[in-house]
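# Residue-level structural notes
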Amino acid sequence: MLSLGDKTVYLCCGHTDMRKSINGLMARVKSDFGMDPFADALFVFCNRSRDRIKILEWDGDGFWLYFKRLERGHFRWPDAGDTNTMTLSGEELECLIGSAKLEKKLRRKEVTQRSIA
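The following refers to the structure shown. (Residues numbered from 1 in each chain as written. Predicted model: local features only at pLDDT ≥ 70, side-chain atom pairs only at ≥ 80, totals over all residues. Heavy atoms only, no water.)

One finds V44, W77 and L93 to be the most contacted residues of the largest nonpolar core, which totals 14 residues. Elements with a minimum of two residues in this core: β1 (8-12), β2 (41-46), β3 (52-58) and α2 (90-107). Looking at which element gives the most residues to this core, the answer is β2, with three residues. Residues within four places of W77 in sequence aside, it is in contact with L11, C12, C13, G14, V44, F45, C46, R50, I53 and L96. Core analysis: the next-biggest nonpolar cluster, separate from the first, contains 11 residues, C12, L25, M26 and V29 among them. (Core = buried A, V, L, I, M, F, W, Y, C linked by side-chain atoms within 4.5 Å. Buried < 20%, exposed > 50% of the residue type's maximum accessible area, 1.4 Å probe, protein only. Helix = DSSP H or I, 4+ residues; strand = E, 2+ residues; numbered from the N terminus. Contact = heavy atoms within 4.5 Å.)

Written out as C-alpha cells, the structure reads:
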C-alpha cells in the first residue's frame, strides 16, 4: 500500500500516455514539473479516459511505480489549463484516488432515495 507520510504530491494535469514506464515518467517530471524525479515526492499521472493512474516515487535507492486501473467509473482529474502541474496534500490524493468509489456509491439508488426523504 502507498504510504504518503509527509511527502509532497505533484499532479500532472491533463493526460499522460500510460505506456510510459519509469524512464518516460521521469522525463515528464523533468520537462513538465521542472523538478528532479529523485526528490522526496510523489508524482501522479492519469490517462486520457481517466480510468488509470500511475504514481512515481523515489525511495532513496530505487523507484516505485504504483498503478491503479478502475473497472468502472473514472477519476476526477484536472485538464491541462494554465498550469501543467498541481500540488496536493496527502489527504487530497487519497480523496482523488477514492473519488470513483465515492461517485459509484452516490449513484446507488438507496443513497439517492434516502437523501430525498
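On we go from here.
Counted under the stated rule, the structure contains five salt bridges. Across the salt bridge formed by R19 and D17, the nearest N and O atoms sit 2.9 Å from each other. On the basis of relative accessible area, R19 is assigned to the exposed category, the value being 73%. For D17, a relative accessible area of 32% gives the class partly exposed. Note that R52 and D51 form a salt bridge whose closest N and O atoms lie 3.7 Å from each other. The partly exposed category is assigned to R52, whose relative accessible area is 30%. For D51, a relative accessible area of 19% puts it in the buried group. (Salt bridge = Lys/Arg side-chain N within 4 Å of Asp/Glu carboxyl O.)

With that settled, consider the packing of aromatic side chains. To describe a pair of aromatic rings, you give the distance between the ring centres and the angle between the ring planes. Going through the model one piece at a time under the given rule, you end up with eight aromatic pairs. Centroid distance Y10 to F33: 6.2 Å. Interplanar angle 80°. Geometry classified as edge-to-face. Of this pair, Y10 sits in strand β1 while F33 sits in helix α1 (residues 22-33), and the two are 23 residues apart along the sequence. For the pair Y10 and F33, one class covers both residues: buried. When the ring of F33 is compared with that of F45, the centres are 6.1 Å apart and the planes differ by 85°; the resulting orientation is edge-to-face. Note that F33 is positioned in helix α1 and F45 in strand β2, a separation of 12 residues in sequence. With respect to class, F33 is no different from F45; both count as buried. (Phe/Tyr/Trp six-rings, centres within 6.5 Å; stacked < 30°, edge-to-face > 60°.)

It is worth spelling out the side chain of K54 at this point. Examined against the element boundaries, K54 turns out to sit in strand β3. Despite being buried, K54 has no salt bridge partner; D17 is the closest side chain of opposite charge, sitting 7.7 Å away. Only 2.7 Å separates the side chain of K54 from the backbone oxygen of K20, close enough to count as a polar contact. Among all residues touching K54, those that are not within four sequence positions of it are M18, K20, L25, F43, V44, F45, L65, Y66 and F67. (Lys, Arg positive; Asp, Glu negative; His and termini not counted. Polar contact = N/O pair within 3.5 Å; in protein donor to acceptor, adjacent residues only side chain to side chain.)

Any link to function would need more than the numbers given here.
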